[in-house]
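A closer look at the structure
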Amino acid sequence: MGFLVAAINVPPPTTLIHQQVKSKHVCSKEEKLQERSLFARRGFLHCVVGASLMAKLEFSGLQAAQAEEKDEGVVGAFKSLFDPNERTKSGKELPKAYLKSAREVVKTMRESLKEDPKDNAKFRRSADSAKESIRDYLSNWRGQKSVAGEESYAELEKVIRALATFYSKAGPSAPLPDEVKAEILDDLNRAEEFL
């Protein structure tokens, strides 16, 4: 596992102040104090930005190291950091954001379907989580040409339509019958195969 180290070259504030003093304009004491506080704040911001950059580079380095462990090599690791697409289990290249959103829908739907509807508090929490992930998925990916023809998209659309049809007929708080649950779980499993 390798770590990337970066250094930020920030000139000391006193160097810049001395350069200004050598110019034709002579600063008053108040101006010098304002300049020093300004440079002190800038120095602090440089430290914060530098620390953020270091954390990002370290995180990227960890991702690169993990990719190396998968025998992708260094070039493959850096390429995967900047590539907006990801290869699925079936070998297709799909947007990473789509895959993340679709996997979240599958996960939350499964958790919601496995909850006992008699334990109302747990069931509501898992159902709300599933609703939120579905809303997010639909708001970002409904009708997107880049994924509309994909099998996973079709399966998830089928799941969402089945739920919508059931709840529009039976009411928003009706318990799902076992056959509807089984059908939805099968569709979720098929969608997951393509992710």
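Parameters at a glance
Residues numbered from 1 in each chain as written. Predicted model: local features only at pLDDT ≥ 70, side-chain atom pairs only at ≥ 80, totals over all residues. Heavy atoms only, no water. Axes fitted to C-alpha atoms, helices over the stretch in contact; angles between N-to-C directions. Helix = DSSP H or I, 4+ residues; strand = E, 2+ residues; numbered from the N terminus. Parallel < 35°, antiparallel > 145°, perpendicular 65-115°, else oblique. Left-handed = near helix turned anticlockwise from the far one by under 90°. Contact = heavy atoms within 4.5 Å. Nonpolar A, V, L, I, M, F, W, Y, C, P; charged D, E, K, R; others polar. Core = buried A, V, L, I, M, F, W, Y, C linked by side-chain atoms within 4.5 Å. Buried < 20%, exposed > 50% of the residue type's maximum accessible area, 1.4 Å probe, protein only. Expected span 1.5 Å × (residues − 1). Arc of directions from axis to C-beta. Salt bridge = Lys/Arg side-chain N within 4 Å of Asp/Glu carboxyl O.

Side note on the packing of helix H4 (residues 96-114) against helix H6 (residues 151-170)
For the pair H4 and H6, the least separation of the axes is 11 Å and the interaxial angle reads 40 degrees. With respect to each other, H4 and H6 are oriented oblique. In this structure, the crossing between H4 and H6 has a hand that is left-handed. Taking contact as the criterion, the partners of Tyr98, Ala102, Val105, Val106 and Met109 in H4 are, on H6, Ser152, Tyr153, Leu156, Val159 and Leu163. For the contact of H4 with H6, the class distribution of residues is nine nonpolar, one polar and no charged.

Digging into the nonpolar core
Membership of the largest hydrophobic core comes to 26 residues, with the highest contact counts inside it found for Tyr98, Met109, Tyr137, Leu156, Ile184 and Leu188. Elements represented by at least two residues in this core include exactly H4, helix H5 (120-141), H6 and helix H7 (178-193). With seven residues, the single largest contributor to this core is H4. If near-sequence neighbours (up to four positions away) are discounted, Tyr137 is found in contact with Tyr98, Ser101, Ala102, Val105, Arg142, Tyr153, Leu156 and Ile160.

Notes on the environment of Pro117
Position of Pro117 among the secondary structure elements: in the loop between H4 and H5. Here Pro117 falls in the partly exposed class, since its relative accessible area comes to 37%. Placed 57 residues apart in sequence, Pro117 and Ala174 show a C-alpha to C-alpha distance of 9.7 Å.

Structural notes on H7
The end-to-end C-alpha distance of H7, which contains 16 residues, comes to 23 Å, matching closely the 22 Å that a straight helix rising 1.5 Å per residue would cover. Burial in H7 covers these residues: Val180, Lys181, Ile184, Asp187, Leu188 and Ala191. For H7, the angular spread of buried residues about the axis comes to 130 degrees, placing them on one side. With respect to the buried face of H7, the exposed residues turned more than 90 degrees away are Asp178, Glu179 and Glu193. Where H7 is buried, its residues meet H4 and H6.

With respect to the packing of H4 against H7
As a packed pair, H4 and H7 sit with axes 10 Å apart at the nearest point and diverge in direction by 155 degrees. Overall, the two elements H4 and H7 adopt an arrangement that is roughly antiparallel. By crossing handedness, the relation of H4 to H7 is classed as left-handed. Contact residues: Val106, Met109, Arg110 and Leu113 in H4; Lys181, Ile184, Leu185, Leu188, Asn189 and Glu192 in H7. Of the residues contributing to the contact of H4 with H7, the split by class is six nonpolar, one polar and three charged.

Topic: the pattern of salt bridges
A full pass over the atoms with the stated rule returns ten salt bridges. With its nearest N and O atoms 3.3 Å apart, the salt bridge here joins Glu86 to Arg103. Separated by 17 residues along the polypeptide, Glu86 in strand S1 (residues 85-87) and Arg103 in helix H4 bring together distant segments of the chain. Judged by relative accessible area, which is 33%, Arg103 ranks as partly exposed.

Distances and angles like these do not, on their own, reveal function.
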